[in-house]
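# Coordinate inspection notes
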Amino acid sequence: MISRHTMSRRKALRTGAGLAAIAAVGAPSILHAQTRTLKITTWGGKWGEVMKATVLPAFEKEFKCTVSADQAFPFVPKLQSSPRNDPIYDVLHTNSNEQWNSFTEGLVMEKITIKEVPNVADVYPYAVSDKIVGVTIFTSAIGLGYRTDKGLATPTSWKDLADPKLAGVRGGYIIPVNSLGQAHLMMLGKVYGKGLTDLDAAYKALEALKPIKLVDFTGQMEKMLLSGEVSEGVIHDSGVYRYDGQNQPVDFASPSEGVLALEQVLNVTPGSKVKDLAFGYIDYMLRPDVQKLLAEAVWYSPANKKVKLDAKYDAKLLTTPAKVATLIQPDWKWYNARKEDIDARVTKILKG
Amino acid sequence: MTSATIKLEQVTKTFDGRVVAVDDVTLDIRAGEFFSLLGPSGCGKTTSLRMIAGFELPDSGRVHVGGRDITDLPVHKRDMGMVFQSYALFPHRTVAENVAFGLRMRDVPKPDIVRRVKAALAQVALTGLEERKPGQLSGGQQQRVALARALVVEPPVLLCDEPLGALDRKLRQQMQFELKELQKRLGVTLVFVTHDQEEALAMSDRIAVMNKGRVEQVGAPTEIYERPRTRFVADFIGEINILEDEGRARALRPEKIRFVPEAEARVGGTVETANFLGGSTLYRIRTADQRTLLARETHAGERSPRGTGDPVGLAWTDSDTVALEG
Amino acid sequence: MSTALKAMTNKRPFDAGRAAYLALNLSLLAFLLVPIAVVLIFALNPTPYISFPPVGVSLRWFEKFFASSDFMNALWLSLWVAGCVLVLSVTIGGACALALARGNLPGRAFLTAFFMSPLMLPAILTGLALFQSYLLAGIGRPTWGLILAHTLVAVPYVLRTTLAVLHNFDHRIEEAAAVLGASPIRVFFEITLPLIRPGVFAGGVFAFIVSFDQFPVSLFLVVPKGETLPVVLFNYMKFDLDGAIAAASMVSILLALSVVLVLERLIGLKAYVKL
Ligand SMILES: Nc1ncnc2c1ncn2[C@@H]1O[C@H](COP(=O)(O)OP(=O)(O)OP(=O)(O)O)[C@@H](O)[C@H]1O
Ligand SMILES: [Mg+2]
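Structure report, in brief. Every chain is numbered independently, its residues counted from 1 as its sequence is written. As a convention, the first chain written is A and the first ligand written is 1, with the rest following in written order. For this predicted model, a pLDDT threshold of at least 70 governs which residues receive local features, and a threshold of 80 or more governs which side-chain atom pairs are given and counted, while totals over whole chains, interfaces and linings are taken from all residues. Neither water nor hydrogens contribute to the side-chain values; these are computed over all heavy atoms in the structure.

### Structural notes on the sheet that holds strand 18 (residues 322-323) of chain B
We count it as follows: Only strands joined by at least two bridges in the DSSP assignment are considered to pair. Going along the chain from the N terminus, every DSSP run of H or I of four or more residues is numbered as a helix, and every run of E of two or more is numbered as a strand.
Ordered by their spatial adjacency, three strands build an open sheet running 11-12-18 (chain B), and the pairing between neighbours is antiparallel. Strands at the two margins of the open sheet, each flanked by one partner only, are strand 11 (241-245) and strand 18 of chain B.

The following block contains the structure:
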């Protein structure tokens, strides 16, 4: 830690030193000739810690390369603004709906197959379904998080969120900016109407959820559940399970209608100059040992069927074909195509 | 202290290619002389002074100081003193530091600086205020600091641009005396810009009266006063009556007019207004032929001033009138 | 009349305008300070969420902040960048202001507007535009590129404050120095610079804070392992919304404050208030 810290200061001193800095610009390309660099995006938080401490160093050693991992949002706009033939990332890690956006703009490839990434042979079908561009390496289940100390019955249906007792203490998202909110809207169409694409039924159901506490990202929902500001809210399983063992009066429930998939997707940029490394990295991330390490660190369900998690995790995560069958994958291509109209509509509904 | 002659030779200065601020001015200022540039606002006094100082480069003509052509010499090499109307003291420096500035620029040794600053401040009666900042001084005190700062380097030439303009009347008169006295004691050549004719008359050895960028007349105060050459000079300096005499203008000072019994009078008239001035009264008199004349009467003894409407008889001699050009 | 009575008669009578003025100032002060107080409470609160009333006092979030190499690296980088931005923007902004106020430049109004323009542009666009330019030019995203970007948005602050000082500057003070034998260079260092210094450094303090707190411009320009504190905090918040954010904010506030105080001490921002 200390040495890293002094390193970066020294680097900063060097780069700040006027002309010397310009000379330093040439350095990376010389380095390039010897060790190749793989540029990826990755999450922060606990995930980022494990990646930086364990996963990436091991990968670098095995593949004799360096990995430059960007943890700073926003990934897609940065990729968008960089030249197509020399993209700023080789591998893009996002949730599924952003991958669809990127794919529409030609920023990432459509499919990752066994040919490029052998471990794809072992993934559950949802990981490479027609709802996915790239390949899913993990998924979370979006369901209902709730307080266990408020005398609430364990939720069994998405309809439980409409319970009048929850007026003002149910939690949802600002739909235009949050994919969990968007997925939940589609789920309302399925639960109250003809299916995931029944927007009219969804709007009506959404109206009935008022008054509702709205947040823009999941971290806030976690805090509102922890502080008791919200008694029940839409959230992904890992957002609740991560407090496991901390004695918090919160739990996660999977509604009988099914849980929504929040996929962690990796994809390769077509202009990448190190495609073999990029595919190698995805394959590496799908290896059972890597999957187990990360899954247990952040409570994500591994996409690889062969992963054996410890009992504690195995009990809660989607690790069997039967449990995986409860996953419902939203059609982001369909949703993104009408996002503007939906945004306008829900904003009007949730205002006031 | 040394002093130097200053010579402007057919100097012209135009601004923005249109405004002719100084127009073909030639001046010969003697060493050790108290020389005033006098004229109404905008007549080119400041511009003339700034050309001597080197802030402005003349379009044509030359400037000589001490017999040396300094037209192209930069300001900081001219070795002059200057006092600005706004004083232009260095607000971030103490009084002592302000005064020491010119000496430091001349690399005078430190002990000498201390000694000379002390002497200069004593000369303008500011001893004890060394450590004050200019912001903590009164207008008159700032004025003296500016003077000390300019004089401490013992310049052969001192330029003053309306240095007393910001002072009240009383202080102004006091400073007039002091400045004049100091100048004589030091023997420095002083060029003094003012638009106040009384001040110029009181202080100067010689005056150049300027009008629209040109010099109208140069001469000693009495000469300027008694024998104005042009209608402009006559009009600008003091009160005057202009008499038209066979198509030629002649000037007659109000104090040359005598009040006489009507039988001896050259013209008769009535008092229109009477301005009591303390030592004298200035009358505006409407003559029988419907002209106005100014007449000044000095009070002697208990004689009380005349009142409005009083009939008077006026007389003067032809030798008291001066023929004017133009 | 006794002195006590006299004092009483001289007492300022109650004045509604003055009371309203005081009330306005107090509410403005509260408006400014209350958020800081909330952040402080959050930072000292042991739970990972804000709970009112606070359930206790702990330094665990400060410990977490100082123990995290990510935060520490980011903090040092931010300080380093802000320091460079301070020096650069003071030099560039000061020089530009002098040129604009003094030089007989043609199109002065246009040039002033041009130098101020980074303030008009949304900062996120400035960052994005520079990001694309750097990538197009093939220079990547070096730290000096980030410093230049911050300098770009910081210079207008220095320019403004310096121009304000120069606007009230009596040119004759410099002329007086010149007549006294000071060459143009000496006039600049002995007179001009000391007199405009408060304006330049007031701008410099702004520049430092603008850089230290800069988020939108940095967003696109930071590189992996070379992220500034605001960017790290923003991303941290997405995954771990806990008191470490508040602790980091408190540390930032205190650091910015101490930089201002140190500059004030060294340069004496108040030195020439009474001119
Ligand atoms: N820097 C300048 N740019 C343009 N015009 C100028 C400049 N300086 C002076 N002038 C013009 O030149 C003329 C003479 O100005 P100058 O300052 O010499 O007058 P002055 O006799 O000192 O007047 P005052 O008694 O009002 O100080 C005026 O018409 C003035 O407007
Ligand atoms: Mg003038």
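### So, the interface of chain C and chain A
Operational definition: Whether two residues are in contact is decided by their heavy atoms, any of which lying within 4.5 Å being enough. As used here, buried area is the combined drop in accessible area, with a 1.4 Å probe, of two parts when they are placed together. Salt bridges are defined as contacts in which a side-chain nitrogen from Lys or Arg sits within 4 Å of a carboxyl oxygen from Asp or Glu. Nonpolar residues are Ala, Val, Leu, Ile, Met, Phe, Trp, Tyr, Cys and Pro. Charged residues are Asp, Glu, Lys and Arg, and all others, Gly as well, are polar.
Between chain C and chain A, the contact holds 32 residues from the first and 38 residues from the second. Here chain C and chain A share an interface that buries about 3200 Å² over both sides, 64% of which is from carbon and sulfur atoms. By the criterion of area lost to chain A, the three top residues of chain C are Tyr49(C), Trp144(C) and Phe239(C), representing 20% of everything that side buries. Residue Asp240(C) pairs with Arg242(A) through a salt bridge whose shortest N-O separation is 3.1 Å. If you list the elements that add at least two residues to the side of chain C that touches chain A, you get helix 4 (69-102), helix 6 (123-137), helix 7 (143-167), helix 10 (216-221) and helix 11 (229-239) of chain C. Of the residues belonging to the side of chain C that touches chain A, the class tally is 21 nonpolar, five polar and six charged.

### So, helix 7 of chain C
For clarity, the threshold we go by: Here a helix's expected span is defined as the number of its residues, less one, multiplied by 1.5 Å. Throughout, bend refers to the angle between the axes fitted to the seven residues that end at a position and the seven residues that start at it.
Under the 1.5 Å per step criterion, the end-to-end length of helix 7 of chain C is 35 Å for 25 residues, consistent within 8% with the ideal 36 Å. Of all the bends in helix 7 of chain C, the greatest, near 35°, is centred on Val153(C), and the proline Pro156(C) appears no more than four residues after it.

### Focus on the packing of helix 4 of chain C against helix 5 (residues 108-120) of chain C
Residue and element names in this part refer to chain C. Keep this limit in mind: Only the stretch in contact is used when fitting a helix axis, every axis being a line fitted to C-alpha atoms; angles between N-to-C directions are given from 0 to 180 degrees. In this scheme, roughly parallel covers angles under 35 degrees and roughly antiparallel covers those over 145, while 65 to 115 is roughly perpendicular and the rest are oblique. Here a crossing is taken to be left-handed if its near helix is turned anticlockwise relative to the far helix by less than a right angle, and right-handed if that turn runs clockwise.
Packing of helix 4 against helix 5 brings their axes to within 10 Å, and their N-to-C directions diverge by 160°. Classified by the angle their axes make, helix 4 and helix 5 are roughly antiparallel. Crossing angle aside, the handedness with which helix 4 passes helix 5 is left-handed. On the side of helix 4, the interface is formed by Cys 96, Leu 100 and Ala 101, while helix 5 contributes Arg 108, Leu 111, Thr 112 and Phe 115. By residue class, the composition of the contact of helix 4 with helix 5 is five nonpolar, one polar and one charged.

### A short note on the pattern of salt bridges
All names here are of chain A. Rule in force here: A 1.4 Å probe rolled over the protein chains alone gives each residue an accessible area, and that area as a share of the maximum for its type sets the label: buried under 20%, exposed over 50%, partly exposed in between.
With the rule as written, the count across this model stands at 50 salt bridges over all chains. Residue Glu 62 is joined to Arg 287 by a salt bridge in which the shortest nitrogen-to-oxygen separation is 2.6 Å. Placement of Glu 62 in helix 4 (residues 45-63) and of Arg 287 in the loop between helix 11 (275-285) and helix 12 (288-298) is noted, with a sequence separation of 225 residues between them. Residue classification places Glu 62 among the partly exposed residues on the basis of a relative accessible area of 43%. You can call Arg 287 partly exposed: its relative accessible area is 23%. Residue Asp 343 pairs with Lys 339 through a salt bridge whose shortest N-O separation is 2.8 Å.

### Here we look at the packing of aromatic side chains
Here is the rule: The pairing test for Phe, Tyr and Trp rings, Trp by its six-membered ring, is centres within 6.5 Å, and the orientation test on the planes gives stacked under 30 degrees, edge-to-face over 60, and tilted for anything in between. Our definition puts a charge over a ring when NZ of Lys or CZ of Arg is within 6 Å of the ring centre and also within 35 degrees of the ring normal.
This model, assessed by the stated rule, comprises 34 aromatic pairs over all chains. Each ring, one from Phe232(B) and one from Phe236(B), has its centre 5.7 Å from the other, and the planes form 10°; the classification is stacked. With Phe232(B) and Phe236(B) both in helix 8 (residues 231-236) and four residues apart, this pair spans about one turn of that helix. According to the relative accessible area criterion, Phe232(B) is partly exposed, its value standing at 22%. Here the aromatic cluster, defined as three or more aromatic residues joined through ring pairs, consists of Trp43(A), Phe73(A), Phe75(A), Tyr89(A) and Phe239(C). Its guanidinium or amino end placed over the ring of Tyr192(A), Lys159(A) lies 5.5 Å from that ring's centre, counting from NZ or CZ.

### Quick look at the site of ligand 1
Residue and element names in this part refer to chain B. The line we're drawing: To be near a molecule or strand, a residue needs just one of its heavy atoms within 4 Å of it. N or O atoms within 3.5 Å of each other form a polar contact, as long as, within protein, one can give a hydrogen and the other can take it, and as long as residues adjacent in sequence are counted only when both atoms are side-chain atoms. Shrake-Rupley sampling with a 1.4 Å probe provides the accessible areas, and residues are treated as covered by the protein chains on show and by no other component.
Taken together, Phe 15, Asp 16, Val 19, Ala 21, Ser 41, Gly 42, Cys 43, Gly 44, Lys 45, Thr 46, Thr 47 and Glu 162 make up the full set of residues near ligand 1. Take Gly 44: an N or O atom from its main chain is 3.0 Å from an oxygen atom of ligand 1. One nitrogen or oxygen atom from the side chain of Thr 46 is found 2.6 Å from an oxygen atom belonging to ligand 1. About the coverage of ligand 1: the protein hides 62% of its 630 Å² of free accessible area. Counting residues per element, the ones that place at least two in the shell around ligand 1 are strand 2 (19-29) and helix 1 (45-53). With three residues, the single largest contributor to the shell around ligand 1 is helix 1. By residue class, the composition of the shell around ligand 1 is four nonpolar, five polar and three charged.

### Considerations on the interface of chain C and chain B
Contacts between chain C and chain B engage 21 residues on the former and 23 residues on the latter. For the pair chain C and chain B, the summed buried surface comes to about 2100 Å²; carbon and sulfur atoms form 66% of the total. Of all residues in chain C, Val179(C), Leu180(C) and Glu190(C) bury the most surface against chain B, accounting for 34% of the area lost on that side. Scanning the region where chain C abuts chain B turns up three salt bridges. A salt bridge links Arg93(B) to Glu190(C); the shortest N-O distance between them is 3.1 Å. Where chain C packs against chain B, one counts five residue pairs in polar contact (both at pLDDT 80 or more). Every element with two or more residues in the side of chain C that touches chain B is listed here: helix 8 (171-179) and helix 9 (184-212) of chain C. It is helix 8 of chain C that contributes the most residues to the side of chain C that touches chain B, seven residues altogether.

### Structural notes on empty space enclosed by the protein
Residue and element names in this part refer to chain A. We count it as follows: Any residue with an atom within 4 Å of a point lines the site, the site being either a cavity, points on a 1 Å grid over the protein atoms alone where a 1.4 Å probe fits but cannot get out, or a pocket, an open set with protein on both sides within 12 Å along at least 5 of 7 lines. Grid points are joined across faces, edges and corners, and a volume is the space filled by probe spheres set on the points.
Across all of its chains, the model carries five cavities of 30 Å³ or more by this definition. Computed from the structure, the largest cavity encloses a volume of approximately 60 Å³. Every element with two or more residues in the lining of the largest cavity is listed here: strand 5 (170-173) and helix 7 (179-192). For the lining of the largest cavity, the residue count by class is seven nonpolar, three polar and no charged. Considered as a void within the structure, the second largest cavity measures approximately 60 Å³ in volume. What lines the second largest cavity is simply Asn 95, Ser 96, Asn 97, Ile 142, Ser 179, Leu 180, Ala 261, Leu 262, Glu 263 and Trp 332. Mapped by element, the contributors of at least two residues to the lining of the second largest cavity are helix 6 (96-104), helix 7 and strand 9 (259-268). Counting residues per element, the lining of the second largest cavity draws most heavily on strand 9, at three residues. Residue composition of the lining of the second largest cavity, by class: five nonpolar, four polar and one charged.

### A look at unusual backbone geometry
The step from Phe73(A) to Pro74(A) runs through a cis peptide bond, and the omega angle for that step is -5°. Positive phi is not limited to glycine here, since Asp24(B) has a value of about 55°. Following the sequence through the fold, Asp24(B) ends up in strand 2. The phi dihedral of Ala125(B) is positive, around 60°, even though this residue is not glycine. In this structure Ala125(B) comes out as exposed when scored by relative accessible area, which is 56%.

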